Amino acid sequence: MEQHQDFAAAQQSAGQSAGVQYWEVTYLDTECGRVRTELFDDAAAAERFASRRVRDEDGWAIVDAVRPRVGRAAA
């Protein structure tokens, strides 16, 4: 299972969810051959789900910490 750099940094921050809006798991569904995405509120739940999706050597899953965008003020 692959983790993006933001995931490791977000887990190390206080409470594991500071500044994170949600966790996104993108994975290959080996039964149908499609790439799918699931959203989670909890990093641990996202990790458990991603681990279950990697069943064989062809399977993969990526966990991303998604932070809210900071908008810019209109001119």
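Residues numbered from 1 in each chain as written. Predicted model: local features only at pLDDT ≥ 70, side-chain atom pairs only at ≥ 80, totals over all residues. Heavy atoms only, no water.

Engineer: Is there a simple way to think about the pairing of strand S4 (residues 61–66) in this case?
Structural biologist: When a strand is regular, its side chains alternate between the sheet's two faces. The element S4 is extensively covered by neighbouring structure, given that six of its six residues are classed as buried. Residue alternation in S4 divides its side chains into two sets, Ala61, Val63 and Ala65 and Ile62, Asp64 and Val66, and both sets are buried. Both strand S2 (residues 22–29) and S4 contribute to a ladder of six bridges, which runs antiparallel. Note on S4: the bridge partner recorded for Tyr27 is Ala61. (Buried < 20%, exposed > 50% of the residue type's maximum accessible area, 1.4 Å probe, protein only. Helix = DSSP H or I, 4+ residues; strand = E, 2+ residues; numbered from the N terminus. Pairing = 2+ DSSP bridges.)

Engineer: What's the story with the pattern of salt bridges in this structure? I'm lost.
Structural biologist: Between side chains of opposite charge, a pair can form when the charged atoms approach closely. Enumeration according to the criterion identifies three salt bridges in this entry. A salt bridge links Arg36 to Asp29; its shortest N-O distance comes to 3.1 Å. For Arg53, the salt bridge goes to Asp29, with nearest N and O atoms at 3.8 Å. One end of the pair, Arg53, is in helix H2 (residues 43–53); the other, Asp29, is in strand S2, with 24 residues separating them in the sequence. (Salt bridge = Lys/Arg side-chain N within 4 Å of Asp/Glu carboxyl O.)

Engineer: What is the right way to read the packing of aromatic side chains from this model?
Structural biologist: Each aromatic ring pair is specified by the distance between its two centres and by the angle formed by the two planes. Taken as a whole and judged by the stated rule, the model has two aromatic pairs. A ring pair is formed by Tyr27 and Phe49, whose centres lie 5.3 Å apart and whose planes are at 75°; its orientation type is edge-to-face. One end of the pair, Tyr27, is in strand S2; the other, Phe49, is in helix H2, and 22 residues separate them in sequence. Across this residue pair, the class does not change: Tyr27 and Phe49 are buried. Ring centres of Phe40 and Phe49 lie 5.2 Å apart, and the angle between their planes is 45°; on these two criteria the pair is classed as tilted. Accessibility expressed as a relative area gives 17% for Phe40, which makes it buried. Taken together, the aromatic side chains of Tyr27, Phe40 and Phe49 make up a single cluster linked through ring pairs. (Phe/Tyr/Trp six-rings, centres within 6.5 Å; stacked < 30°, edge-to-face > 60°.)

Engineer: Where do I start with the side chain of Arg53 in this structure?
Structural biologist: Taking the relative accessible area as the measure of exposure, Arg53 reaches 15% and is therefore buried. With residues near it in sequence (within four places) discarded, Arg53 still touches Tyr27, Leu28 and Asp29. (Contact = heavy atoms within 4.5 Å.)

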